[in-house]
Amino acid sequence: MKEYIDLLVSDYTLQIITLGTAVLGALCGMLGSFAVLRKQSLLGDAISHASLPGIAIVFLVLGVKNNNGLLLGALCSGLVSAVFIKGIISKTHLKSDTALGIVLSTFFGFGMLLLTYIQKLPNANQSGLEKYLFGQAATLLASDVWLMSAIAGVSLLVVLLFWKEFKMVLFDADYTKTLGFHVKFIDTLITSFIVIAIVMGLQTVGVVLMSAMLLAPAAAARQWTNSLAKMVFLAGMFGAVSGVLGTAVSASANNLSTGPVIVLIATLFVVVSFVFSPIRGLLFKQIKLWKNRNDLKLMKTLLFMYNLVKDHENVSHPHKIQLLNNFQGYTKKSLKRLQAEDLILLNKSDWSLTKKGFHTAKNLYTHQ
Amino acid sequence: MEAKIAIAIDDLTVAYNYKPVLWDIDLQIPEGVLMAIVGPNGAGKSTLLKSILDIIKPLAGSVTVYGKPYKKQRDLVAYVPQKGSVDWDFPTTALDVVMMGTYGALGWIKRPGSAQKKQALEALEKVGMLSFQNRQISQLSGGQQQRIFLARALVQNAAIYFMDEPFQGVDATTEKAIIQILKELRKAGKTVIVVHHDLQTVPEYFDWVTFLNVKKIATGPVADIFNDDNLTKTYGINYKASIAEGTL
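Residues numbered from 1 in each chain as written. Chains lettered and ligands numbered in written order. Predicted model: local features only at pLDDT ≥ 70, side-chain atom pairs only at ≥ 80, totals over all residues. Heavy atoms only, no water.

Asks: What am I meant to see in the environment of Lys 216 of chain B here?
Replies: Residues and elements named next belong to chain B. Secondary-structure assignment places Lys 216 in strand 10 (residues 215-221). In sequence terms Lys 216 and Asp 26 are 190 residues apart; their C-alpha atoms lie 7.3 Å from each other. In this view, Lys 216 contacts Ile 25, Asp 26, Leu 27, Thr 210 and Phe 211; residues no more than four positions away in its chain are not counted. A distance of 2.8 Å separates the side chain of Lys 216 from the backbone oxygen of Asp 26, its partner in a polar contact. (Helix = DSSP H or I, 4+ residues; strand = E, 2+ residues; numbered from the N terminus. Contact = heavy atoms within 4.5 Å. Polar contact = N/O pair within 3.5 Å; in protein donor to acceptor, adjacent residues only side chain to side chain.)

Here it is in structure tokens:
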């Protein structure tokens, strides 16, 4: 750990890469929230895969490996695929998963075809295009990071400006339309920024894993909050932290490929969130379930006691614990808990209902 | 005296694919009525609402609101969609949803402030949901969710209200509360149009009714036209048996 920090302080390249992956993670987390809430998680996957042919075509036409040029190609290709997907969904009766599947595999297949063709070209300067498949954070330059930061800034501004429009379209698009808002414009704005975020990540994470960068932080963030603003903020944080940690791990452990490490760490956030979040986490849900069941058992015991004594003149008259033997809900522990809650009194081998216990049991049926 | 016409629909035809869902609908809705749209499943009731509101593009026909095209009169119209049309697990609160009713008057980019919050709280109080304002919407019951949707429309303070099945999946108390509010709206001179499923409550709740089954079968005061003849024309010969079986 200390070694890594020393390295980070001294190594300019590592600083650039760390900053780049952090900005990328924040950008993807923020915009990914919108993709997740629109139930368009797979849209990001389709678009990132579909950007491959754009990269290859730009390379074939220009014959250079100018990073920004290639990303522009990816952007065009991604946007075209998004138009295709939306077109297929609205013009045919195919469901969106089918449309996404068709477009994803067709574009990606075409991209792979072009990539293999390029590799067989005799004297082309072709090496290095494969990095867009799985990403190579090491190739990030300061200028790339500046571009990323600028785009992240613009996205943040757009999200803040159109916050209420975004929220309303995400929740209820039809209603938004009746208020006179141009839903298609808002929709296109959201999708465009998602595509831009994807393209920005291609160099670092690659077309294959890019969608995880978009979805994992958002899915994790959803577990911790019921507020959209907090969710978007948290998703950005999770994304940024995944980027930083991923870069750290890959830099200190034999240069593991950065993209996959970042994605794995983002996924770790998802797993931890699904288990440990207090609102929606599996663990707390399970604990709550047990607690409820135990409370119910306790009340059942109390009710059984109530039925035994309700016709007596003195309802607090003590009875032998043996009387409860043919009732399975009680244990010594549960009797002690009932006593702790002032519902019964225990005295050696006897129990008696308190006034409070009697009334609690009596009213069990009536209020839900 | 003739009442003013709130909504006039001319030759409205809607088709999703090849088959028309609505065929050549002519309909005039007078101002100040509380109207039910009834018809069997697939009769195009929701579609009629959505095409009036320009959510669905009709094949042909026109809709005017107080004599002008709907697009110019949006601020006079409020819409309560079907409860099931949105994801109630969306991360937001009851108050936040009701606030959306103020967004139309606010317009683009402007943020809601304390004036909007006050309006939303008033609407929440009207539907008896004030104490639930900070509740996450997924933790509301079906009836409470419906009240939230109604409150969101009330905030718009419109002249005409469209509601899609507001009584579906709600408890009896909510149903009574909602119909009470609708009757108050009518008393205030508003026009309320409700897609309705339960034929038995039509005479009790509404004063105007439209029978719809792809075509318009009949429209007019409940007292005049809510009869066996029109019910048979809309639902087919066995409608009584279907009501008895509860399949309608």
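From this point, things continue past the structure.
Asks: What is the right way to look at the interface of chain A and chain B in this model?
Replies: Many analyses report the size of an interface as the accessible area lost when the parts associate. Taken together, the contact between chain A and chain B spans 30 residues of the former and 34 residues of the latter. Of the roughly 2900 Å² buried between chain A and chain B on both sides combined, carbon and sulfur atoms contribute 61%. Three residues, Lys 164, Phe 171 and Tyr 175 of chain A, lead the burial of chain A against chain B; their summed loss comes to 27% of the area buried on that side. Counting across the interface, chain A meets chain B through five salt bridges. For Lys 167 of chain A, the salt bridge identified is with Asp 96 of chain B, shortest N-O distance 2.7 Å. Counting the contacts that link chain A with chain B gives 14 residue pairs in polar contact (both at pLDDT 80 or more). No other element matches helix 9 (residues 163-171) of chain A, which puts seven residues into the side of chain A that touches chain B. A per-class count over the side of chain A that touches chain B returns 15 nonpolar, six polar and nine charged. (Buried area = accessible area lost by both parts, 1.4 Å probe. Salt bridge = Lys/Arg side-chain N within 4 Å of Asp/Glu carboxyl O. Nonpolar A, V, L, I, M, F, W, Y, C, P; charged D, E, K, R; others polar.)

Asks: Sorry, what's going on with the packing of aromatic side chains here?
Replies: Each aromatic ring pair is summarised here by two numbers: the centre-to-centre distance and the angle between the ring planes. Using the criterion set out here, one finds 17 aromatic pairs over all chains in the structure. Judged by centre distance (5.0 Å) and plane angle (45 degrees), the ring pair of Trp 88 of chain B and Phe 149 of chain B falls under tilted. Of this pair, Trp 88 of chain B sits in the loop between strand 6 (77-80) and helix 2 (94-99) while Phe 149 of chain B sits in helix 5 (residues 142-155), and the two are 61 residues apart along the sequence. Take Phe 149 of chain B: its relative accessible area is 0%, and that puts it in the buried class. Site record: aromatic cluster; members linked through ring pairs are Phe 34, Phe 162, Trp 163, Phe 166, Phe 181 and Phe 185 of chain A together with Trp 108 of chain B. Stacked on the ring of Tyr 103 of chain B, the Lys or Arg Lys 164 of chain A has its end atom at 5.7 Å from the ring centre. Arg 152 of chain B extends its terminal NZ or CZ atom over the ring of Tyr 175 of chain A, reaching a point 3.4 Å from the ring centre. (Phe/Tyr/Trp six-rings, centres within 6.5 Å; stacked < 30°, edge-to-face > 60°. Buried < 20%, exposed > 50% of the residue type's maximum accessible area, 1.4 Å probe, protein only. Lys NZ or Arg CZ within 6 Å of the ring centre and 35° of its normal.)

Asks: Would you mind showing me how to read the sheet that holds strand 3 (residues 350-353) of chain A here?
Replies: Sheets are built from strands that pair by backbone hydrogen bonding, the pairs being arranged parallel or antiparallel. Residue and element names in this part refer to chain A. In spatial order, the strands read 1-3-2; together these three strands make up an open sheet with antiparallel pairing. Single-partner strands in this sheet number two, and they are strand 1 (319-320) and strand 2 (344-347). Summarising the sheet, strand 2 and strand 3 pair through four bridges and their orientation is antiparallel. Each residue of the ladder has a partner; that of Asn 347, found in strand 3, is Asp 350. (Pairing = 2+ DSSP bridges.)

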